[in-house]
Amino acid sequence: MPVTRASGKSISITHRRIKNDRLAATGWVWAFSAIGSAGPAREHYQRRRAHGDRDAPALRHLFNKMLDQLYHCLQSGQSFDPLKAFGPSPDTSARRVRGHR
């Protein structure tokens, strides 16, 4: 939604960002509870933290991935698969490569 501000001779048109506070709060709880137990979601969160993200951006990124996967499941009629959502962990793929040599 464009916002126009005029002051003297200058006119500024900017983009106003709006978020759904309820969705953001629900997402934070959903992501926070997902990292509480071992699994692909927790591994993804820990990879983001190791990559340099702080806690809030890592949780937000995790929530966005989970929301994308939920949308995909609803659109395609498939059930949730953590390996499709987050991919194999780097440790698991490294073990597979070593095992095949």
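The model shown is predicted, which means the values in this text are computed figures rather than measured ones.

## Describing the nonpolar core
The nonpolar side chains of a soluble globular protein tend to be buried with one another.
At step 1: Ala 31, Ala 34, Ile 35, Ala 41, Tyr 45, Ala 58, Leu 59, Leu 62, Phe 63, Met 66, Ala 85 and Phe 86 form the largest nonpolar core, which has 12 residues in total.
At step 2: When residues in this core are grouped by element, the largest group, 5 residues, is from helix 3 (residues 55-76).
At step 3: Non-local contacts of Phe 63, meaning those with residues more than four positions away in its chain, are made with Leu 23, Gly 27, Trp 30 and Ala 31.

## Digging into the pairing of strand 1 (residues 2-7)
At step 1: Pairing analysis gives 6 bridges linking strand 1 to strand 2 (residues 10-15), with the strands arranged antiparallel. Looking at the pairing, Arg 5 lines up with Ser 12 of strand 2.
At step 2: Following strand 1, the chain reverses through 2 residues before pairing antiparallel with strand 2; Gly 8 in that reversal takes a positive phi of roughly 65°.

## Focus: the confidence of the model for the protein chain
At step 1: For the protein chain, the mean per-residue pLDDT works out to 81, and 85% of the residues sit at or above 70.
At step 2: Ignoring residues within four places in sequence, the model shows residues 94-98, a span with pLDDT below 50, making 1 contact including any to other chains.

## Structural notes on helix 1 (residues 21-34)
At step 1: With 14 residues, helix 1 should reach 20 Å at 1.5 Å per residue; the first-to-last C-alpha distance of 20 Å fits that figure.
At step 2: Turning to helix 1, its buried residues number three or more, namely Gly 27, Ala 31 and Ala 34. Down the axis of helix 1, the smallest arc covering the buried residues is 60°, so these residues share one side. Exposed residues on helix 1 whose side chains face more than 90 degrees from its buried face are Asp 21, Arg 22, Thr 26 and Val 29.
At step 3: One side-chain oxygen at the N-terminal end of helix 1 lies 3.0 Å from the backbone nitrogen of Arg 22; it belongs to Asn 20.

## Concerning the packing of helix 1 against helix 3
At step 1: For the pair helix 1 and helix 3, the least separation of the axes is 9 Å and the interaxial angle reads 100°. Regarding the angle of helix 1 to helix 3, the classification is roughly perpendicular. In this structure, helix 1 contributes Leu 23, Gly 27, Trp 28, Trp 30, Ala 31, Phe 32 and Ala 34 to the contact, and helix 3 contributes Leu 59, Leu 62, Phe 63, Met 66, Leu 67 and Leu 70.
At step 2: Tallied by class, the residues present in the contact of helix 1 with helix 3 amount to 12 nonpolar, 1 polar and no charged.

## Notes on a nonpolar patch on the surface
At step 1: There is a patch of nonpolar side chains on the surface, built from Trp 28, Val 29 and Phe 32 and spanning about 320 Å² of accessible area.
At step 2: Structurally, the position occupied by Trp 28 is in helix 1.

## Describing the packing of aromatic side chains
At step 1: Under the criterion given, the structure shown has 2 aromatic pairs.
At step 2: Plain terms: the ring middles of Trp 28 and Phe 32 are 5.0 Å apart, the flat faces sit at 5° to each other, and that makes the pair stacked. With Trp 28 and Phe 32 both in helix 1, this residue pair falls 4 residues apart, about one helical turn.
At step 3: Take Trp 28: its relative accessible area is 44%, and that puts it in the partly exposed class.

The rules behind the values
Residues numbered from 1 in each chain as written. Predicted model: local features only at pLDDT ≥ 70, side-chain atom pairs only at ≥ 80, totals over all residues. Heavy atoms only, no water. Core = buried A, V, L, I, M, F, W, Y, C linked by side-chain atoms within 4.5 Å. Buried < 20%, exposed > 50% of the residue type's maximum accessible area, 1.4 Å probe, protein only. Helix = DSSP H or I, 4+ residues; strand = E, 2+ residues; numbered from the N terminus. Contact = heavy atoms within 4.5 Å. Pairing = 2+ DSSP bridges. pLDDT = per-residue confidence, 0-100. Expected span 1.5 Å × (residues − 1). Arc of directions from axis to C-beta. Polar contact = N/O pair within 3.5 Å; in protein donor to acceptor, adjacent residues only side chain to side chain. Axes fitted to C-alpha atoms, helices over the stretch in contact; angles between N-to-C directions. Parallel < 35°, antiparallel > 145°, perpendicular 65-115°, else oblique. Nonpolar A, V, L, I, M, F, W, Y, C, P; charged D, E, K, R; others polar. Patch = residues over 30% accessible without salt bridge, like charges linked within 9 Å, V, L, I, M, F, W, Y side chains within 5 Å. Areas by Shrake-Rupley, 256 points an atom, 1.4 Å probe, with all protein chains shown as cover. Salt bridge = Lys/Arg side-chain N within 4 Å of Asp/Glu carboxyl O. Phe/Tyr/Trp six-rings, centres within 6.5 Å; stacked < 30°, edge-to-face > 60°.

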